[in-house]
Amino acid sequence: MDRFHALTSFAAVVEAGSFVRAADRLHASVSSVSRHVAELETHLGARLLNRTTRRLSLTEAGQSFFERCVQLLSDLEEAERAVGVATLEPRGTLRMTCGVTFGARYLAPAIAEFEARHPQVRFDIELSDRFVDLVEEGLDLAIRIGTVRSQALIARRIGTTTLVCCAAPAYLRAHGVPSAPERLAHHACLTYAYSPERHVWRFVDAHGGAHGVPVGGPAHANNAEILAALAVAGMGVVLEPDFVVAPQVRAGTLVPLLPGYAAASLPLQAVYPSRRHLSAKVRAFIDFVAARFALDPAWSLTQPAPGAASATP
């Protein structure tokens, strides 16, 4: 038995007062409407309608069932309407994850601005530098740095970050300035746990030559910001995304190294489980952050610091 069609047919017959008018309302044949109602009565094991040649009337069981049937169909219609609106207008809770430093510094202002434009959206945010399984943990979206290798996920590039090799002035005075990537093997290098190659740093020279350098040192951590803080304290050299070290470089507490060599540029990506049935809240937020982060991002060291005064002639 098709339960939905059975309920719909029964309610239409009661409301229309006849099988013929119910069939017209449902754009169905009289025989199909009659069959659906008969199947429903058989399924329930109760007669719902008293039928005579002149009129229909509800039995006592039919009256009770009709009231519940109307409520069920009304609730279903309301649920469908709510989902339909949600696919057009951003609303509901957006559950997402992002790395700790990028989330706190750059994603938070974007979220606040987006929520001001779309007040019917709420955010449930997990900041973590670990890998998070979006499907297993029921998340709508992740903001991730680097290439997404899972074929089960869709990634949209929303910006770029560049790795910067740097150290504190005090460290460089004590240990010297490395003149080439290979010299880093003789320096105290602070390494990041979630890097694809934890103890190898890679650079490209002006002629396109690749340089892969084994590195190690007194600290290894799963958070980039603590490594930057240790570098500022003079503990060693770091290779960090510009969104992590841009404030320290601008303040002069960290000094970029190896000017003739480029470290990797990495994509900043919005990642979600599937394009199918992508909700309005997720689609709108991805479009928003893509526009916000794509051009002249605040963390880029090629751009002036946010709020910096323009030079005057």
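So, here's what we can say about the structure. All figures in this text were calculated on a predicted structure; none of them were measured in a lab.

This paragraph deals with the packing of helix α1 (residues 3-16) against helix α2 (residues 19-26). At their nearest, the axes of α1 and α2 sit 8 Å apart, and the two run at 120° to each other. Relative to α2, the element α1 lies oblique. Crossing handedness for the pair α1 and α2: right-handed. Where α1 abuts α2, its residues Thr8, Ser9, Ala12, Val13, Glu15 and Ala16 lie against Phe19, Arg21, Ala22, Arg25 and Leu26.

Moving on, we come to the packing of aromatic side chains. Applying the stated criterion across every chain yields a total of 13 aromatic pairs. A centroid spacing of 6.2 Å and a plane angle of 80° characterise the contact between Phe10 and Phe66, whose relative ring orientation is edge-to-face. A residue pair is termed long-range when its members are at least 10 positions apart, and Phe10 in helix α1 and Phe66 in helix α4 (residues 60-86) qualify at 56 residues. For the pair Phe10 and Phe66, one class covers both residues: buried.

Any two side chains of opposite charge can pair, on the condition that their charged atoms come close. Scanning the model with the defined rule gives 12 salt bridges in all. In this structure, Glu15 and Arg25 form a salt bridge, with 3.0 Å as the shortest nitrogen-oxygen distance. In this pair, Glu15 is assigned in helix α1 and Arg25 in helix α2, connecting sequence segments 10 residues apart. The class of Arg25 is partly exposed, set by a relative accessible area of 43%. The closest approach of N and O atoms between Arg156 and Asp287, which form a salt bridge, is 2.5 Å. Residue Arg156 is located in strand β6 (residues 154-167), and its partner Asp287 is located in helix α9 (residues 280-294); the two are separated by 131 residues in the primary sequence. A residue is classified by how much of its surface remains accessible, and Arg156, at 34% relative accessible area, is partly exposed.

A separate point is the layout of surface pockets. One number sums up the size of the largest pocket: a volume of about 1,300 Å³. In terms of lining residues, the largest pocket is bounded by 47 residues, among which Ile145, Gly146, Tyr194, Ser195 and Pro196 are the most central. Examining the composition of the lining of the largest pocket, we find that five residues originate from one element, strand β8 (residues 200-205), more than from any other. Tallied by class, residues from the lining of the largest pocket come to 29 nonpolar, 10 polar and eight charged.

Turning our attention to α1. Helical geometry note: an α-helix holds 3.6 residues per turn, so side chains three or four residues apart project in the same direction. The end-to-end C-alpha distance of α1 is 20 Å, a good match for the 20 Å that 14 residues give at a rise of 1.5 Å each. Where α1 starts, the residue carrying a side-chain oxygen 3.3 Å from the main-chain nitrogen of Phe4 turns out to be Asp2.

Read across the open sheet, the three strands follow the order β9-β8-β13; overall the sheet is antiparallel. For this open sheet the edge positions go to β9 (210-214) and β13 (261-262), each flanked by a neighbour on one side alone. Bridge count for β8 against β13 is two bridges, and the pairing is antiparallel. Its bridge partner lying in β13, Val204 is registered against Ala262.

Let us look at the environment of Ala270. Its place among the elements puts Ala270 in strand β14 (residues 265-272). Among the residues examined, Ala270 registers a relative accessible area of 0% and is labelled buried. Measuring from C-alpha to C-alpha, the distance between Ala270 and Arg68 comes to 45 Å, with 202 residues separating the pair along the chain. When neighbours within four sequence positions are excluded, Ala270 is seen to be in contact with Leu141, Ala142, Ile143, Ile154, Ala155, Arg156, Ile158 and Ile286.

About the criteria used
- Residues numbered from 1 in each chain as written.
- Predicted model: local features only at pLDDT ≥ 70, side-chain atom pairs only at ≥ 80, totals over all residues.
- Heavy atoms only, no water.
- Axes fitted to C-alpha atoms, helices over the stretch in contact; angles between N-to-C directions.
- Helix = DSSP H or I, 4+ residues; strand = E, 2+ residues; numbered from the N terminus.
- Parallel < 35°, antiparallel > 145°, perpendicular 65-115°, else oblique.
- Left-handed = near helix turned anticlockwise from the far one by under 90°.
- Contact = heavy atoms within 4.5 Å.
- Phe/Tyr/Trp six-rings, centres within 6.5 Å; stacked < 30°, edge-to-face > 60°.
- Buried < 20%, exposed > 50% of the residue type's maximum accessible area, 1.4 Å probe, protein only.
- Salt bridge = Lys/Arg side-chain N within 4 Å of Asp/Glu carboxyl O.
- 1 Å grid on protein atoms, 1.4 Å probe; cavity = no way out; pocket = protein on both sides within 12 Å on 5 of 7 lines; lining within 4 Å.
- Points joined across faces, edges and corners; volume = space filled by probe spheres on them.
- Nonpolar A, V, L, I, M, F, W, Y, C, P; charged D, E, K, R; others polar.
- Expected span 1.5 Å × (residues − 1).
- Polar contact = N/O pair within 3.5 Å; in protein donor to acceptor, adjacent residues only side chain to side chain.
- Pairing = 2+ DSSP bridges.

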